[in-house]
Amino acid sequence: MVKLTKSGSFVQPGSNRPTLGRPTALLLYPPIYDFALYDLFLKPYALLRLAAWLSRSGYCVRLVNGMDFTDPHSIAVLGRPRREARGTGKFFRQIVPAPPPVAVLQRSYARYGIVAESLERRIAAERPDIVFVSAGMTYWYPGVMEAIRMVRKIFPKVPVVLGGIYPTLCPGHATAHSEADAVIAGPAFPRLNDILRQRSLPTGEPPVDEELLLLPEANWQAGVLRLNRGCPLDCAYCSSKVVEPRFLPGKPDLLFETVREMHRRFATRSFAFYDDALLVNKERAFLPFLERISRSNLSVAFYLPNAVHLRYLDRACALSMKRARFAEVRVGFESAGLEFHTTLDNKLVTAMLADGLEHLLQAGFAPQSITAYVLAGMPGQDAGEVELSIRHAASYGIRVQLAEYAPTPGSALWSQAVRDSPFALEEEPLTHNNSILPMRWRGFSLEDLDRLKALSRTLGGRTAV
Ligand code: B12
Ligand code: SF4
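Starting from 1, residues in each chain are numbered consecutively following that chain's sequence as written. Lettering for chains starts from A, numbering for ligands starts from 1, and both go in the order in which the items are written. In keeping with the model being predicted, local features are shown solely for residues with a pLDDT of at least 70 and side-chain atom pairs are shown and tallied solely at 80 or more, while totals for entire chains, interfaces and linings include all residues. Heavy atoms from the whole structure form the basis of all side-chain values; hydrogens and water molecules are not counted.

Concerning the site of ligand 1
To be near a molecule or strand, a residue needs just one of its heavy atoms within 4 Å of it. Residues in contact with ligand 1 amount to 36 residues; listed here are only the nearest, Thr138, Arg226, Ser239, Asp276 and Glu404. By the criterion applied in these results, polar contacts are pairs of N or O atoms within 3.5 Å in which, for protein atoms, one can donate a hydrogen and the other can accept it, and in which residues neighboring in sequence qualify only through two side-chain atoms. One of the side-chain N or O atoms of Asn434 is found 3.5 Å from a nitrogen atom in ligand 1. Within the residue set of the shell around ligand 1, elements represented by two or more residues are helix 1 (45-56), strand 6 (130-135), strand 7 (160-164), helix 8 (240-243) and strand 14 (399-404). Of the residues that constitute the shell around ligand 1, the class distribution is 21 nonpolar, ten polar and five charged. In this document the domain limits rely on a domain assignment from an automatic tool or a database. Of the residues that make up the shell around ligand 1, three or more belong to each of domain 1 (22-198) and domain 2 (221-460). Labels follow the DSSP assignment, with helices taken as runs of H or I lasting at least four residues and strands as runs of E lasting at least two, numbered in each case from the N terminus. Nonpolar residues are Ala, Val, Leu, Ile, Met, Phe, Trp, Tyr, Cys and Pro. Charged residues are Asp, Glu, Lys and Arg, and all others, Gly as well, are polar.

This is the structure:
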């Protein structure tokens, strides 16, 4: 029987042991192939959410974490990856040849995650009735395929369901190439229940809350959280609306319980937000959450790998974040160009950076704990514009980090990106990888990108990644 805590928000690990009569769902977080990968709070969030739902619906849930950085066999083969105290750091890395569509850089391409023998051994140790695989970035599909093939080889008769960002943004490609029995594009429900029903497996009401099953295999040195789902804004360079069309404000009390439970069970101290729009509707969700954290005696720190919106960052919010022990604040500045914002995102005017920074500094944040993201390598974007934006943001003494544009299917800019890119974006998701500078043109070359990266480091300090 599934047991709940008093708050009703967590499924206890004890309920997760294989039990006679309960089908076993195996969740598989695949390895990642990329030019570079740093663990900036990378976690199988969607799988852990799915796990909570599966557990409530009567499954025994198991997780094979292909990105486990503690795997003893991989340590023996490759050495221990360097990790930071806050729960970020390196993954296991093996250099492999770059696939032909992206073999255009003088940089090594690598497989990140536990070594193949460990992955295979871990999968083979399970007895699943159904397997769920999640996929992050569209251009990470080679790891997804590798994992699915392994499952196929070990359990030829067990159905495999694929979901996540890759099949959501590239459903045609995922259906044609992934070898999964079912590919779910977009929200898991109602499709998932149909798939389970067809196989006479238990179904259930779709989840409404951001409830996670805290499986120990996810490595909880750092925790990930999401308060609100979706984003009400509609920036031309983003696909958030394809992943989640609605903005759904979250529940501050449930989030607080999640933090407390991770802290209690795994001594987690660092927490990163996965929200697209954390500060939207902040009076209803974010500020009450901060209030609860401030009143608690939890020894925790919060991080924002996904930036927050400058336009919602006022004095009260900055103060509350400081009180609630935010270790850093990252803001989405994107560009100092007026035209950039009027044509592409309508989310800020340049002066909002100065206002937001004033609130943060007055609240007690050190300049070096504040990072402004500047977007680079957009379709038709001139390197000069990016340089001005870096110089503008850096003039406040804060850190500046380039966010290299990755073209995303379903975004308003997608058709222009497909038209202007020298790469076959539509046919080959590997070419969405921002490392190859997919939108290179004479006004923005790889050399420009290297120069601008160096400039942001020199002027805007060196960020953690
Ligand atoms: C958190 C986040 C990050 C984090 C962590 C990354 C990660 N992959 O975990 C950080 C900050 C590190 C990051 C970085 C980047 N990101 Co990011 N990120 C996100 C964000 C906000 C959430 C991703 C996530 O985990 N969502 C959790 C979702 C998937 O869970 P869910 O809602 O419960 O899922 C539902 C369904 O999707 C489905 N489902 C999901 N998985 C599964 C699995 C199964 C089996 C089933 C049945 C169903 C299912 O069911 C769920 C219930 O309905 C998304 C935007 C978004 N709104 O999703 C962008 C997004 C994924 N990122 C994107 C980009 C562009 C980037 C960067 C390139 C940005 C940059 N320029 O630097 C970098 C590169 C990352 C890298 N190389 O490491 C793009 C995708 C690009 C692409 N081509 O794939 C997105 C979509 C945003 C956008 N711009 O449109 N990112
Ligand atoms: S870029 Fe950020 S603000 Fe714009 S739509 Fe995407 S998530 Fe929302």
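Here the narrative resumes.
Looking at helix 9 (residues 252-266)
Counted at 1.5 Å a residue, the expected span for helix 9 with its 15 residues is 21 Å, and the 21 Å between its end C-alpha atoms agrees. Burial classes: relative accessible area under 20% of the type maximum marks a residue as buried, over 50% as exposed, and values in between as partly exposed (1.4 Å probe, protein chains only). Listed in full, the buried residues belonging to helix 9 are Pro252, Leu254, Leu255, Phe256, Glu257, Thr258, Val259, Glu261, Met262 and His263. Contacts are assigned to residue pairs that have any heavy atoms within 4.5 Å of one another. On the buried face of helix 9, the contacting elements are strand 9 (222-225), strand 10 (270-273), helix 10 (286-295) and strand 11 (301-303). Ala267 occupies a position one or two residues after helix 9 and carries a positive phi of about 60°. Helix span, as expected, comes to 1.5 Å for every residue beyond the first.

So, the pairing of strand 1 (residues 24-29)
The buried fraction of strand 1 is high, at six of six residues. Alternating residues of strand 1 divide into Thr24, Leu26 and Leu28 and Ala25, Leu27 and Tyr29, and every residue in both groups is buried.

Describing the domain arrangement of the protein
Domain annotation of the protein identifies domain 1 (22-198) and domain 2 (221-460). Each of domain 1 and domain 2 has a C-alpha centre, and the two are 25 Å apart. The partner domain 2 presents 31 residues to the 32 residues of domain 1 that form the contact. Note: buried area is the sum, over both parts, of the accessible area (probe 1.4 Å) each one loses when the two are combined. Here domain 1 meets domain 2 over a buried area of about 2700 Å², counting both sides, of which 66% is carbon and sulfur. If you sort the residues of domain 1 by the area they bury against domain 2, Phe41, Tyr45 and Tyr139 come out on top, with a joint share of 25%. One speaks of a salt bridge when a side-chain nitrogen belonging to Lys or Arg is within 4 Å of a carboxyl oxygen belonging to Asp or Glu. Run the count over domain 1 and domain 2 and you get zero salt bridges. There are six residue pairs in polar contact (both at pLDDT 80 or more) connecting domain 1 and domain 2. Looking at the side of domain 1 that touches domain 2, the elements that each hand over two or more residues are helix 1, helix 4 (141-154) and helix 5 (165-169). Residue contributions to the side of domain 1 that touches domain 2 peak at four residues, all from helix 5. Of the residues in the side of domain 1 that touches domain 2, the class split is 21 nonpolar, four polar and seven charged.

Remarks on the sheet that holds strand 5 (residues 109-112)
Two strands qualify as a pair provided DSSP detects at least 2 bridges between them. One open sheet holds the three strands; their spatial order is 2-5-4, and the pairing between them is antiparallel. Only two strands of the sheet have a single neighbouring strand rather than two, namely strand 2 (32-34) and strand 4 (93-96). Here the strands of the sheet are splayed against their neighbours by 25° on average, with no regard to which way each runs. Pairing analysis gives three bridges linking strand 2 to strand 5, with the strands arranged antiparallel. Of the residues in strand 5, the one forming a bridge with Ile32 is Tyr112. To obtain an axis, a line is fitted to C-alpha atoms, over the contacting stretch when the element is a helix, and the angle between two such axes runs from 0 to 180 degrees between their N-to-C directions.

Some details on the sheet that holds strand 11
Strand order in this open sheet of three strands is 9-10-11, and the pairing throughout is parallel. Edge positions in the open sheet fall to strand 9 and strand 11, since each of these has one partner strand only. On average, each strand axis in the sheet is tilted by 30° relative to the strand beside it, whichever way the strands run. Strand direction decides the pairing type here: strand 10 and strand 11, joined by three bridges, are parallel. Among the inter-strand pairings, Ala272 is bridged to a residue of strand 11, identified as Tyr303. Across the sheet, helix 9 touches strand 9, strand 10 and strand 11, and the angle it forms with strand 9 is around 165°.

Side note on the pattern of salt bridges
Taken as a whole, this structure holds 32 salt bridges when the rule is applied. Asp71 is the partner of Arg122 in a salt bridge, and the nearest nitrogen-oxygen pair spans 2.9 Å. With Arg122 in helix 3 (residues 116-124) and Asp71 in the loop between strand 3 (60-65) and helix 2 (72-78), this residue pair connects regions lying 51 residues apart in the sequence. On the basis of relative accessibility, which here comes to 4%, the residue Asp71 falls in the buried class. Where Glu210 meets Arg229, a salt bridge forms, and the shortest distance between an N and an O atom there is 3.2 Å. Of the two residues, Glu210 sits in the loop between helix 7 (191-198) and strand 9 while Arg229 sits in the loop between strand 9 and helix 8, which places them 19 residues apart along the sequence. With a relative accessible area of 14%, Arg229 lands in the buried category.

Thoughts on the pairing of strand 14
Note: strand 13 (residues 370-376) against strand 14, six bridges, orientation parallel. Bridged to Val374 within strand 14 is Leu402. Following the backbone out of strand 13, through helix 14 (residues 383-394) and into the adjacent parallel strand 14, one traces a crossover that is right-handed. Crossovers are described as right-handed under a simple rule: with the strands pointing away from the observer, the path leading from the first strand over the helix to the second runs clockwise.

Here's the deal with the packing of aromatic side chains
Classification of ring pairs uses Phe, Tyr and Trp, with its six-membered ring standing for Trp, and accepts pairs whose centres are within 6.5 Å; under 30 degrees between planes counts as stacked, over 60 as edge-to-face, and the remaining range as tilted. Scanning all chains against the criterion turns up 16 aromatic pairs. Their ring planes at 85° and their centres at 6.2 Å tell us that Tyr139 and Trp140 sit as a pair that is edge-to-face. Feature note: the residues Phe271, Phe273, Phe286, Phe289, Phe302 and Phe326 constitute an aromatic cluster, connected by ring pairs. Definition used: whenever NZ (Lys) or CZ (Arg) falls within 6 Å of the ring centre and also within 35 degrees of the ring normal, the charge is taken to sit over that ring. Here Arg83 stacks its cationic end above the ring of Phe69, 3.5 Å away from the centre of that ring.

Looking at the nonpolar core
The nonpolar side chains of a soluble globular protein tend to be buried with one another. Formed by 99 residues in total, the largest nonpolar core has its most connected members in Phe132, Phe273, Phe286, Phe302, Met321 and Phe326. Top contributing element to this core by residue count: helix 1, with eight residues. Inspection of this core shows a minimum of three residues originating in each of domain 1 (22-198) and domain 2 (221-460). Discounting residues that sit within four places of it in the chain, Phe326 has contacts with Phe273, Phe286, Leu290, Phe302, Leu304, Met321 and Phe365. For this analysis, a nonpolar core means a set of buried residues of the types Ala, Val, Leu, Ile, Met, Phe, Trp, Tyr and Cys, connected via side-chain atoms within 4.5 Å.

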